[in-house]
Amino acid sequence: RLASVKYRVPRTGERLMKKEKPKFRLPRPDEVNEPPKNILQYCITIFGEKGVGKTSLAAQFPNAVVGMTEPRRRNLRIRMVSLDKDWNYTKEFVDACIEDDSVETVVIDTIDRVYAQCLASICFDKGIKDPGQMNDYGATWREIKDEFERTFNSVLYAEKGLVFLSHAQHRDMEMRTGETRSLLVPTCSPAAFNYIKAVADYAFYYGYHGMNRALYLRGHEDLWTGCGSSDHFCDPEGNPVRTILLGDTPEEAYQTFIQSFDNNVWDVDRKEEEKPTKKKKLKIPVS
């Protein structure tokens, strides 16, 4: 005898689901990502000494609005909004920037205080002073991280420029080799710093080279930056540039910055005799 087979009659409204093939398509080998040629399509972090000109430089970006968390800068003729209230007000500012077509660049000055607002808001909602009080295996920290990322990623999804500003400090950092080294990095909290490292396409240090204002594009032994691009911030011969002089005015600084993005500025440390010189054309006298 054949063994009996148990068969279940489908209930009313129940249908057998047919397994469908996934509709995901991988890009072809020739379908590669092309780095944008518009500076506004990148997320940029600029950190440096107080008073060096970070805010003035960032305000030169096309149709920029500066969200100012520090005391209002009366001496700057820029489009700004004071974000000195709370995290909900800052989120309203971000939403307004996204909806306003006159805004092309959103500047956050500084990311340090904005992240502190986000942390304080969630802690207040939970009735605590510090996320460590929860003993929830990091769930509160992840909630803060997700809230912060979601808010500012929305600016990038809206295809608007996003510039974060911060001050600078030396901090002991663990290198890939396992050794610990003191690096000049943004003053924001480690959590906000991790967000910068993840989202910022470029991170530059604004300081001095001798007596002149300079932008450090690529890191040195004791300086952290983020510039892994081989298509931008190179000299006219295609060599990666590490440091550029920005001049004395915000307008000159921005123009030099854009020219460097377009690979038209020489590294300040390159010796003058190494730079190619154009041959002068001989004037032939007309008889």
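Calculation criteria
Residues numbered from 1 in each chain as written. Predicted model: local features only at pLDDT ≥ 70, side-chain atom pairs only at ≥ 80, totals over all residues. Heavy atoms only, no water. Salt bridge = Lys/Arg side-chain N within 4 Å of Asp/Glu carboxyl O. Helix = DSSP H or I, 4+ residues; strand = E, 2+ residues; numbered from the N terminus. Buried < 20%, exposed > 50% of the residue type's maximum accessible area, 1.4 Å probe, protein only. Expected span 1.5 Å × (residues − 1). Contact = heavy atoms within 4.5 Å. 1 Å grid on protein atoms, 1.4 Å probe; cavity = no way out; pocket = protein on both sides within 12 Å on 5 of 7 lines; lining within 4 Å. Points joined across faces, edges and corners; volume = space filled by probe spheres on them. Nonpolar A, V, L, I, M, F, W, Y, C, P; charged D, E, K, R; others polar. Core = buried A, V, L, I, M, F, W, Y, C linked by side-chain atoms within 4.5 Å. Phe/Tyr/Trp six-rings, centres within 6.5 Å; stacked < 30°, edge-to-face > 60°. Lys NZ or Arg CZ within 6 Å of the ring centre and 35° of its normal.

## Some details on the pattern of salt bridges
Under the criterion given, the structure shown has seven salt bridges. The network of salt bridges with common partners includes Lys91, Glu147 and Arg150.

## A word on unusual backbone geometry
Going from aspartate 109 to threonine 110, the amide bond is cis rather than trans, its omega being 10 degrees. By the element assignment, threonine 110 lies in the loop between strand S4 (105-109) and helix H3 (111-126). Phi is positive for tyrosine 137, which is not a glycine, with a value near 60 degrees. Within the fold, tyrosine 137 resides in the loop between H3 and helix H4 (139-157). The exposure class assigned to tyrosine 137 is exposed, which follows from its relative accessible area of 79%. A positive phi angle is found at asparagine 263, which is not glycine, with a value near 65 degrees. In this fold, asparagine 263 is placed in the segment after helix H6 (250-261).

## Considerations on H3
Taking 1.5 Å of rise per residue, the 16 residues of H3 would be expected to cover 22 Å, and the 23 Å separating its terminal C-alpha atoms lies within 8% of that figure. Among all positions of H3, only Ile111, Asp112, Val114, Tyr115, Gln117, Cys118, Leu119, Ser121, Ile122 and Cys123 are buried. Those residues of H3 that are buried lie in contact with helix H2 (87-99), S4, H4, strand S5 (161-174) and helix H5 (190-199). Backbone geometry just downstream of H3 places glycine 127 in the positive-phi region, at approximately 70 degrees.

## Observations concerning the layout of surface pockets
Roughly 380 Å³ of internal volume is contained in the largest pocket. Along its surface, the largest pocket is lined by 18 residues, and Met175, Arg176, Leu183, Trp224 and Thr225 are the ones closest to its centre. Of all the elements in the fold, those that place two or more residues in the lining of the largest pocket are S5, strand S6 (180-186) and H5. Looking at which element gives the most residues to the lining of the largest pocket, the answer is H5, with three residues. The residue inventory of the lining of the largest pocket, partitioned by class, reads nine nonpolar, four polar and five charged. In this structure, the second largest pocket encloses a volume near 260 Å³.

## Looking at the nonpolar core
Of all hydrophobic cores here, the largest spans 43 residues; its most connected members are Phe148, Phe152 and Phe164. Apart from the residues within four sequence positions on either side, phenylalanine 164 is in contact with Cys43, Ile44, Thr45, Ile46, Ile108, Ile111, Phe152, Tyr195 and Val199.

## Quick word on the packing of aromatic side chains
Under the defined criterion, the tally for this structure stands at 21 aromatic pairs. Relative to phenylalanine 261, the ring of tyrosine 42 lies with its centre 5.9 Å away and its plane at 70 degrees, an arrangement referred to as edge-to-face. Here tyrosine 42 is found in the segment before strand S1 (43-48), whereas its partner phenylalanine 261 is found in helix H6, with 219 residues between them in sequence. Residues tyrosine 42 and phenylalanine 261 agree in their burial class; the two are buried. Ring plane angle 80 degrees and centroid distance 5.5 Å describe the contact between phenylalanine 152 and phenylalanine 164, whose orientation is recorded as edge-to-face. In this pair, phenylalanine 152 sits in helix H4 while phenylalanine 164 sits in strand S5, placing the two residues twelve residues apart along the sequence. Exposure remark for phenylalanine 152: the relative accessible area of 0% places this residue in the buried category. Overall, phenylalanine 164 belongs to the buried group, its relative accessible area being 0%. Among the aromatic residues, those joined into a ring-pair cluster are Tyr42, Phe61, Tyr202, Phe204, Phe233, Tyr254, Phe257 and Phe261. Here the basic side chain of lysine 197 rests over the ring of phenylalanine 193, its NZ or CZ set 4.7 Å away from the ring centre.

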